[in-house]
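Given next are the chains, with one letter for each unit.
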Amino acid sequence: MTIFSHPIPFVQQVASLARLCWEMGWNEANGGNISWRLPTDEVESVLARRYPNVTPAEPVNLPQSQPTLDGEYFIVTGTGQYFRHATEFPDQVFGIVRIVEGGSAYQTVWGFSNGGRPTSEFATHLAGHAVRKRVSKGRERILLHCHAPEFIALSYILPLDSAELTKALWTKMPECIVIFPDGVHIVPPMLPGTTDIADASVKEMEHGRVISWTHHGIFASEATPDSVFGLVETIEKAAGIHRKVQSAGGERQTISNGLLTELSVYFERLLVQKPVIPGDD
Ligand code: 13P
Ligand code: ZN
């Protein structure tokens, strides 16, 4: 992984994550985006210390108001910015924005140095943050969207059924049901960047952290850059195993529903929520 430092520790962490995602082959060119809800006191104190002269830009209206995010700071990738450039040009690739005016607008407070603005998927990110902040009681803070190739490939060969996709992935390694007991939730093919895809995504995010944007990619919520990377990495690996098994002629045997149940009981303390496992076989 690239060694990289930045005066703002959040930039250091998120740029390293973005660069790593590019190295994994998940985020070609400007494909994908990241947003991270930052602790208010920490971000205000680091900006005051390191960038005392920056003044917030004029508020920009959001397409959907998010009252529960009013006052929150986010570091977010700029639209059209390359993940490959994250550690080389962090002040251009990322911006720190604050949600203002009751959740109906944002102000850029740092970054987007070449006049950029947040990702075209910002409405969906904010809608996702609002729901996952509530459901996780504040634990989850970061949303990562990747064009993970093995995961996208499955949306062409499996039925568009969340339970079926979840089961295909859970049965590829014992860790899967422990890492994502809340499953993977499918959003049908839709135009990216619209409030329609934001609405469809948040409906599914009531039930879990991981969304499949059909034929497009993964959208996942977690607490930290490390944990969201681990979540996507595990799902992408399971998707790759599934594709290999299918290409080799399909399953002769698999992890049974009984073993899935045993795994979820044995590792109960590690689970974000209880999995819904089809009846024991
Ligand atoms: P942005 O460059 O606007 O973030 O769009 C990339 C993308 O992956 C859209 O789904
Ligand atoms: Zn995308």
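The following paragraphs examine the structure supplied in this document. No experiment lies behind these values; they were computed from the predicted model shown.

Parameters at a glance
- Residues numbered from 1 in each chain as written.
- Chains lettered and ligands numbered in written order.
- Predicted model: local features only at pLDDT ≥ 70, side-chain atom pairs only at ≥ 80, totals over all residues.
- Heavy atoms only, no water.
- Donors = N, O, S within 2.8 Å, 3.2 Å for Na, K, Ca; no water.
- Helix = DSSP H or I, 4+ residues; strand = E, 2+ residues; numbered from the N terminus.
- Buried < 20%, exposed > 50% of the residue type's maximum accessible area, 1.4 Å probe, protein only.
- 1 Å grid on protein atoms, 1.4 Å probe; cavity = no way out; pocket = protein on both sides within 12 Å on 5 of 7 lines; lining within 4 Å.
- Points joined across faces, edges and corners; volume = space filled by probe spheres on them.
- Nonpolar A, V, L, I, M, F, W, Y, C, P; charged D, E, K, R; others polar.

A short note on the coordination of the zinc ion (ligand 2)
Here the zinc ion (ligand 2) is held by the protein donor atoms H145 (NE2), H147 (NE2) and H216 (NE2), which lie 2.0 to 2.1 Å from it. Each donor residue of the zinc ion (ligand 2) lies on one chain, and together they are spaced H-x1-H-x68-H. Of this pair, H147 sits in the loop between β6 (142-146) and α5 (149-157) while H216 sits in the loop between β8 (210-213) and β9 (217-222), and the two are 69 residues apart along the sequence. We classify H216 as buried; its relative accessible area is 15%.

Structural notes on the layout of surface pockets
Of the voids in this model, the largest pocket is the one considered here, and its volume is about 240 Å³. Along the walls of the largest pocket sit 15 residues, with A163, T166, W170, G183 and V276 positioned nearest its centre. Elements supplying a minimum of two residues to the lining of the largest pocket: α6 (162-170) and β7 (184-187). Ranked by the residues each element gives to the lining of the largest pocket, the list is headed by α6, at five residues. Residues belonging to the lining of the largest pocket are distributed by class as follows: six nonpolar, six polar and three charged. In this structure, the second largest pocket encloses a volume near 180 Å³. Taken together, 14 residues line the second largest pocket, and the ones lying closest to its centre are P63, P118, T119, S120 and F122. Secondary-structure elements contributing two or more residues to the lining of the second largest pocket are β2 (60-61) and α4 (122-135). For the lining of the second largest pocket, the residue count by class is seven nonpolar, six polar and one charged.

Focus on unusual backbone geometry
Glycine aside, a negative phi is what most residues show, and trans is what most peptide bonds show. With phi around 40°, A29 is a residue other than glycine that occupies positive phi space. Note that A29 resides in the loop between α1 (9-23) and β1 (33-38). The exposure class assigned to A29 is partly exposed, which follows from its relative accessible area of 32%. In this model, K137 sits at a positive phi of 55°, which is unusual for a non-glycine residue. Mapped onto the elements, K137 comes out in the loop between α4 and β6. By relative accessible area, K137 is classed as exposed at 76%.

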